[in-house]
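Survey of secondary and tertiary structure
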Amino acid sequence: MRAAVFYEGNTPLRIEDVPIPALSAGEILVKVAACGLCHTDLHYIDHGVPTVKQPPLILGHEATGIVTLTSPGVTNVKEGDRVLLPAILTCGQCAACRVGRENICQRMRMFGNDVDGAYAEYVAAPAKDVFILPREIPLVEGCIIADAVTTPYHAIKNRAEVRPGDHVVVYGCGGVGLNVVQFANLAGGIVIAVDISDEKLEWARRLGASFTLNPLQIQGEVARAVREITIVGADIAIEAIGNPQTIRAAFSTLHPGGRLVVVGYTELDVALSAGRIMYREMEIRGSLGCRPVDYPRVIELVQSGRIQVSPLVTARFPLEEINAGLDTLRSGKGIRSVVVMQ
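Read on for an overview of the structure. (Residues numbered from 1 in each chain as written. Predicted model: local features only at pLDDT ≥ 70, side-chain atom pairs only at ≥ 80, totals over all residues. Heavy atoms only, no water.)

1. Section: the overall build of the protein chain
Along the backbone of the protein chain there are eleven helices and 18 strands. Whereas a compact globule of 342 residues would reach a radius of gyration of roughly 20 Å, the protein chain reaches 20 Å, a difference of no more than 12%. Along the three orthogonal principal directions, the C-alpha set of the protein chain runs to about 60 × 40 × 35 Å. The 342 residues of the protein chain split such that 56% are buried. Counting contacts in the protein chain only where the partners sit at least 6 residues apart, residues at least 24 apart contribute 66% of the total. Total accessible area on the protein chain is roughly 14,800 Å²; 51% of this is exposed by carbon and sulfur atoms. (Helix = DSSP H or I, 4+ residues; strand = E, 2+ residues; numbered from the N terminus. Rg over C-alpha atoms; globule rule 2.2 N^0.38 Å. Buried < 20%, exposed > 50% of the residue type's maximum accessible area, 1.4 Å probe, protein only. Contact = heavy atoms within 4.5 Å. Areas by Shrake-Rupley, 256 points an atom, 1.4 Å probe, with all protein chains shown as cover.)

Quick look at the structure:
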């Protein structure tokens, strides 16, 4: 099969012929329809963040496809089923899994990090972890549900705990941030979207933001602008970029007792005022991925049209052009790009 293989940082992925994965007990073979291009991949390729499985490694963790083979004993899916692969595979046995927090499983495995991912014609996956994708959801555009849609759902519902009427500042309106906007709006929040791209702020307005702020146009006075809108400051701020500067800026928009939720990843340290955290009883929460139990809910929201997916896929690349797709991701053009298998 053809696959895009990662060998080392700061070099393009190589398109190669590699063996089709052999199945272990409980696994299925999925013919990949599409796989989303994600900034997580750029952390490995551009920024030196190590993968658990040593290269050579096939990246890609936002995939949909068709089941083409099942191992003995698999009963929950069959050949020909349309499936969504979650980004994270969970053990179901560790302390986190046993209390319903599988998204922070102590033995988690991630496609394109711990195991070979889906920038390939075929990928092997544990049958217990995949989800049937309804025919109303297209396979190509539906692949971004695996991470770019479910991660924001978990951030809004389980970590930010947005309630109707909450003022919610969303820092960063990329592929993840815009879905944070969608889910915050669906939860009844009054969304204030922040980005330096007017095009992405326009997308935020279309997806439910009540207010938009461009720091470049207000000399960086976002906290002051948020207070003008909310009087006292935001109830919740969500950072979906992964930058120490914007994490601090998001924190500054909150009123006393407010809640900061960090969704964006950075390997760098972030300095926040411990005095303010203590004296104002501020909350700081991380948010990673999504619990398996929530995937069917998100799929249903997409199926019913309450959450939009297809319009957010603004570029499609064949596997042979994946490096051009990664360049598009680096440039910040569009919203979400996907690799489509021919």
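Picking up where we left off.
2. Focus: the packing of helix α4 (residues 150–160) against helix α10 (residues 295–303)
Running from N to C, α4 and α10 point in directions that differ by 110°, and their axes come no closer than 10 Å. Relative to α10, the element α4 is oriented roughly perpendicular. Residues T150, Y153 and K157 of α4 form the contact with α10, whose participating residues are Y295, R297, V298 and L301. Among the residues forming the contact of α4 with α10, the class breakdown is four nonpolar, one polar and two charged. (Axes fitted to C-alpha atoms, helices over the stretch in contact; angles between N-to-C directions. Parallel < 35°, antiparallel > 145°, perpendicular 65-115°, else oblique. Nonpolar A, V, L, I, M, F, W, Y, C, P; charged D, E, K, R; others polar.)

3. Considerations on helix α5 (residues 177–186)
The buried fraction of α5 amounts to eight of the ten residues, a majority that puts the element mostly inside the structure. Restricting attention to buried positions, one finds in α5 the residues G177, L178, N179, V180, V181, Q182, F183 and A184. In this structure, the buried residues of α5 make contact with α4, β11 (167–171), β12 (190–194), α6 (198–206), β14 (234–239) and α10. Two residues or fewer after α5 comes G188, characterised by a positive phi angle close to 95°.

4. Quick notes on α4
The element α4 is extensively covered by neighbouring structure, given that ten of its eleven residues are classed as buried. All of the buried residues along α4 are T150, T151, P152, Y153, H154, A155, I156, N158, R159 and A160. Buried residues along α4 sit against α5, β14, β15 (254–262), β16 (283–286) and α10. Note on α4: the residue one or two positions beyond its end, E161, has a positive phi of about 55°.

5. Side note on the pairing of β15
Most of β15 is tucked away, with seven of its nine residues classed as buried. Bridging between β14 and β15 involves five bridges; their strand directions are parallel. Along β15, the bridge assignment pairs I236 with R259. Between the parallel pair β14 and β15, the chain is carried across by helix α8 (residues 244–252), and the sense of this crossover is right-handed. In this structure, β15 lies alongside β16, joined through four bridges in parallel fashion. Its bridge partner lying in β16, V261 is registered against R285. (Pairing = 2+ DSSP bridges. Right-handed = clockwise from strand over helix to strand, strands pointing away.)

6. A look at the layout of surface pockets
Within this model, the second largest pocket holds a volume of roughly 280 Å³. The wall of the second largest pocket is formed by 22 residues, among which P21, I58, V115, D116 and A124 lie closest to the centre. For the lining of the second largest pocket, the element with the highest residue contribution is strand β9 (residues 122–126), accounting for five residues. Residue classes in the lining of the second largest pocket are distributed as 17 nonpolar, one polar and four charged. (1 Å grid on protein atoms, 1.4 Å probe; cavity = no way out; pocket = protein on both sides within 12 Å on 5 of 7 lines; lining within 4 Å. Points joined across faces, edges and corners; volume = space filled by probe spheres on them.)

7. As for the pattern of salt bridges
Pairing between side chains of opposite charge can happen when the charged atoms of each approach one another. Tallied over the entire structure, the rule returns 18 salt bridges. For D327, the salt bridge is made with R330, and the minimal N-O distance between the two is 2.8 Å. In this pair, D327 and R330 both sit in helix α11 (residues 322–331), three residues apart, roughly one turn of the helix. You can call D327 partly exposed: its relative accessible area is 46%. On the basis of relative accessibility, which here comes to 37%, the residue R330 falls in the partly exposed class. Via salt bridges that share partners, E161, R259, E283 and R285 belong to a single interconnected network. (Salt bridge = Lys/Arg side-chain N within 4 Å of Asp/Glu carboxyl O.)

8. Topic: empty space enclosed by the protein
In total, this model carries one cavity of 30 Å³ or more according to the counting rule given. Roughly 50 Å³ of internal volume is contained in the largest cavity. As for the largest cavity, its lining consists of P86, I88, T90, N103, D129, C290, P292 and Y295. Looking at the lining of the largest cavity, its residues break down into five nonpolar, two polar and one charged.

9. Here we look at the sheet that holds β16
Each strand in a sheet pairs with its neighbour through backbone hydrogen bonds, running either in the same direction (parallel) or in the opposite one (antiparallel). Spatially, β13-β12-β11-β14-β15-β16 is the arrangement adopted by the six strands of the open sheet, whose pairing is parallel. Whereas interior strands pair on both sides, the edge strands pair on one side only; in this sheet they are β13 (211–213) and β16. The mean angle between the axes of side-by-side strands here comes to 20°, regardless of whether they run parallel or antiparallel. Pairing analysis gives three bridges linking β12 to β13, with the strands arranged parallel. Along β13, the bridge assignment pairs V194 with L213.

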